[in-house]
Amino acid sequence: MSVTKPLTGAQATAEAMRQINPDVVVAYPITPQTPVVEFFSEFVANGIVDTETIPVESEHSAMSATVGAAAAGARAMCATSSQGLALMWEVVAATPGLRLPIVMPVVNRALSAPINIHCDHSDSMGAATIGWMQIFSENAQEAYENMFLALKIAEHPDVLLPAMVLQDGFITSHGVENVKVLGDGIVKAFVGDRNPDRYLLDVKHPYTIGPLALPDYYFEIKRQQEEAMINAKRVYLEVGNELSRLTGNKYPYFEEYRTDGAEAVIVVLSSAAGTAKDVVDELRNEGKKVGLIKPILFRPFPYKEMREALVKFAVVGVLDRSMSFGSYDPLYADIRNSLFESERKPKLQSYVFGLGGRDIFKSEIRQVFNELLSGNLDSEHHKYIGLRG
Amino acid sequence: MVISKTDTKELTKKDVYEVRMHGRAGQGAKSGSQMLAEAAFKQGKWIQAFPEYGSERRGAPTVSYTRISDRVLRTHEPIVNPDVVIVFDIGLARSIPVTAGLNEETGILIVNTPQSPEAIRKITGFKGKIFTIDATGISLDLMKIDAPNVPILGTLVKATEIVTFGAIEEVIKDHFLEKIGKEKVDKNIQGLHRGYEEAKNG
């Protein structure tokens, strides 16, 4: 039995964590992730979950303790944002190589400097190359459901990789929306228990985790890690189908919204995709052939499927909420890359928007569509949305 | 005092009803937006409530938003053309264009002030419907604190009928019964109804 509640994205994430009831949670509070930790700590304090939380003095320690717990055999979780992710970076980068299926909600926030607490994607985009899966959420509902999706993929024996579940800071994390919450029993049955085939507390079968691997073995271990990422792409769809039976929602690599017969399409992640859908509806009513693609699984990136989707369109605009200084912006780079094998390519335009929480308005997305339809494009240079002259 | 539940107005005019609240940190505009959304939620609506976060210090200007709809809400842009603007401190009008985007024919301005709607019209230059309510006065009278958000929701019910008293009362109980007890909850509910009865319309 599911029940709809008015929840913020942060509450929805904490609610998912309550239902997962992990063995260990170690998370150092940082805006705008803080309410995730607050709500979850309340569940712990009130004895609603039997999770052990470990108070620590920094994010570096938070991730270290999470890794230790996961290596010991526990289902362990962390949560962070921005500077917190930056501070725990050393351990975050080690986690995929340790093959620990840690799920970490990341509430996207701009990276310093200048210091800023608001939403952009510069924190998690910086961590897109180190072997964590990344699943983006448009709203509180998706932030909630993606936790279950991520957990089950991460712990799949063919994967065993950590996963970040992303939601937009403040916009999603602090906004109240209708969220359909599954029954506790349904979630419990879906996520089951973590049953690692080996773990440190299994003293009858001792093994080493995190050993030194010099030029003799390091390379092969990394090759295995990539194999796990390839598997994650397949397992994502399998687990998605399973979750779909419980929620009635679909879990594709990316959502195509009104792309049938579209000439101009916008590609954008997370909460801005919701705003763009309203604009697509308005422009469709005016007879304009426009649509939207919202990537959900960002790592591993579904290059082949994205290519097959994109070649149908005449023009594609990619909206990034972060920059990749000195190179193409992160989402744009992947979209551009996905088209290399195709003979037929849409025209491309890269846009940057919303850095440091700058709002994006429907009127601005409308302008982008009009620009895309006008054909005045330059695929080698990005344009800015909402930047003061 | 018994006020019967009224049916909410059909959302036929616009399919999304939008309320923007301007306050000062500490006055409860954020929780006001959230209580309104939750009341609408109880009436089976799709809702959004979200604040703009600035520098977090008591007295600093705040803005918070509520969307209410019969269909799923997807946009995440701030509210540009509100149906209602609620101002918790008219002093804010000196530095912030509180009526920006508010339609002069259909829009409604609600201000927490002992002043008359005519006086507010002079200050803001707004030509549409204005309601004034001394919500701070009601709150001080009943609870000895400056928490105008609940009485002002009573004024909103009078001005729009977008939510029912019953739904708001349930939300007040949900939020506060455990924290502040029945006596104070009852005073909040009295304040809600006084916000309806004592509002001046101009």
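Residues numbered from 1 in each chain as written. Chains lettered and ligands numbered in written order. Predicted model: local features only at pLDDT ≥ 70, side-chain atom pairs only at ≥ 80, totals over all residues. Heavy atoms only, no water.

A.B. asks: When you look at the sheet that holds strand S3 (residues 61-69) of chain B in this model, what are you seeing that I'm missing?
C.D. replies: Each strand in a sheet pairs with its neighbour through backbone hydrogen bonds, running either in the same direction (parallel) or in the opposite one (antiparallel). On the basis of which strands lie adjacent, the open sheet formed by 9 strands has the order S1(A)-S8(A)-S2(B)-S3(B)-S1(B)-S4(B)-S5(B)-S6(B)-S7(B) and mixed pairing. Each edge of the open sheet carries a strand with a single partner, namely strand S1 (3-8) of chain A together with strand S7 (200-201) of chain B. Pairing analysis gives 7 bridges linking strand S2 (residues 46-52) of chain B to S3 of chain B, with the strands arranged antiparallel. Residue pairing for S3 of chain B: Glu52 of chain B is matched across the bridge by Val63 of chain B. Relative to the sheet, helix H2 (residues 117-124) of chain B contacts strand S5 (108-112), strand S6 (129-133) and S7 of chain B, its axis offset from that of S6 of chain B by approximately 120°. (Pairing = 2+ DSSP bridges. Helix = DSSP H or I, 4+ residues; strand = E, 2+ residues; numbered from the N terminus. Contact = heavy atoms within 4.5 Å. Axes fitted to C-alpha atoms, helices over the stretch in contact; angles between N-to-C directions.)

A.B. asks: Would you mind going over the environment of Leu111 of chain A with me for this structure?
C.D. replies: Residues and elements named next belong to chain A. In this structure, Leu111 sits in the loop between strand S5 (103-108) and helix H6 (122-125). Leu111 gets classed as partly exposed once you look at its relative accessible area, which sits at 32%. Residues Leu111 and Pro101, 10 residues apart in the sequence, show an inter-C-alpha distance of 26 Å. (Buried < 20%, exposed > 50% of the residue type's maximum accessible area, 1.4 Å probe, protein only.)

A.B. asks: Mind showing me how you'd approach the packing of helix H7 (residues 140-154) of chain A against helix H8 (residues 184-191) of chain A here?
C.D. replies: Two numbers describe a pair of packed helices, the interaxial angle and the distance between the axes. Residues and elements named next belong to chain A. Running from N to C, H7 and H8 cross one another at 25°; their axes reach a closest spacing of 10 Å. In terms of axis orientation, H7 runs roughly parallel to H8. Of H8, the residues touching H7 (which contributes Tyr144, Phe148, Leu151 and Lys152) are Val187, Phe190 and Val191. Of the residues that constitute the contact of H7 with H8, the class distribution is 6 nonpolar, no polar and 1 charged. (Parallel < 35°, antiparallel > 145°, perpendicular 65-115°, else oblique. Nonpolar A, V, L, I, M, F, W, Y, C, P; charged D, E, K, R; others polar.)

A.B. asks: Honestly, the side chain of Ser338 of chain A in this entry has me stumped. Any pointers?
C.D. replies: Within the secondary structure layout, Ser338 of chain A lies in helix H12 (residues 330-338). For Ser338 of chain A, the residues in contact, after removing those within four places along its chain, are Tyr303, Met306, Arg307 and Leu310 of chain A.

A.B. asks: Looking at this structure, how should I read helix H5 (residues 165-197) of chain B?
C.D. replies: An α-helix turns once per 3.6 residues; consequently, residues spaced three or four apart project the same way. If you check H5 of chain B, its first and last C-alpha atoms are just 12 Å apart, much less than what 33 residues at 1.5 Å a residue would give, namely 48 Å. Helix geometry: H5 of chain B is bent most strongly at Ile180 of chain B, by close to 125°. (Expected span 1.5 Å × (residues − 1). Bend = angle between axes of the 7 residues up to and from the residue.)

A.B. asks: Help me understand helix H1 (residues 29-42) of chain B in this model?
C.D. replies: All names here are of chain B. Here H1 contains 14 residues, and its C-alpha end-to-end distance of 20 Å stays within 8% of the 20 Å for a straight helix at 1.5 Å per residue. Within H1, 11 of the 14 residues are buried, which leaves the element mostly enclosed by the surrounding structure. For H1, every residue scored as buried is listed here: Ala29, Gly32, Ser33, Gln34, Met35, Leu36, Ala37, Glu38, Ala39, Ala40 and Phe41. One or two positions beyond H1, positive phi appears at Gly44, with a value near 85°.

A.B. asks: What should I look at first to understand the interface of chain B and chain A in this one?
C.D. replies: Much of the literature gives interface size as the accessible area that the parts lose upon coming together. Listed per partner, the contact involves 19 residues of chain B and 25 residues of chain A. Between chain B and chain A the total buried area reaches about 1,900 Å² when both faces are included, carbon and sulfur atoms providing 55% of it. The largest share of the area that chain B buries against chain A comes from Tyr53, Arg74 and His76 of chain B, three residues that together contribute 38% of it. Linking chain B to chain A there are 2 salt bridges. For the interface between chain B and chain A, the tally reads 11 residue pairs in polar contact (both at pLDDT 80 or more). Considering each element in turn, the side of chain B that touches chain A owes the most residues, 7 residues, to S2 of chain B. A class-by-class count of the residues in the side of chain B that touches chain A yields 9 nonpolar, 4 polar and 6 charged. (Buried area = accessible area lost by both parts, 1.4 Å probe. Salt bridge = Lys/Arg side-chain N within 4 Å of Asp/Glu carboxyl O. Polar contact = N/O pair within 3.5 Å; in protein donor to acceptor, adjacent residues only side chain to side chain.)

A.B. asks: What exactly am I supposed to notice about the pairing of S5 of chain A here?
C.D. replies: Looking down a regular strand, the side chains alternate between one sheet face and the other. Residues and elements named next belong to chain A. Of all 6 residues that make up S5, 6 are buried, and the element is covered over most of its length. By the alternation rule, side chains of S5 split into Val103, Pro105 and Val107 and Met104, Val106 and Asn108, which are all buried. As defined by bridge partners, S5 adjoins strand S7 (residues 163-168) across 6 bridges and the pair is classed as parallel. Paired with Met104 across the bridge in S7 is Met164.

A.B. asks: Could you clarify how one ought to interpret the packing of H7 of chain A against helix H9 (residues 218-247) of chain A in this entry?
C.D. replies: Residues and elements named next belong to chain A. Contact geometry of H7 with H9 gives a least axis separation of 9 Å together with a crossing angle of 135°. Between H7 and H9, the angle falls in the class oblique. Note that H7 runs across H9; the crossing there is right-handed. In this structure, H7 contributes Glu145, Phe148, Leu149, Lys152 and Ile153 to the contact, and H9 contributes Ala232, Val235, Tyr236, Val239, Gly240, Glu242, Leu243 and Thr247. Its residues assigned to classes, the contact of H7 with H9 comprises 8 nonpolar, 2 polar and 3 charged. (Left-handed = near helix turned anticlockwise from the far one by under 90°.)

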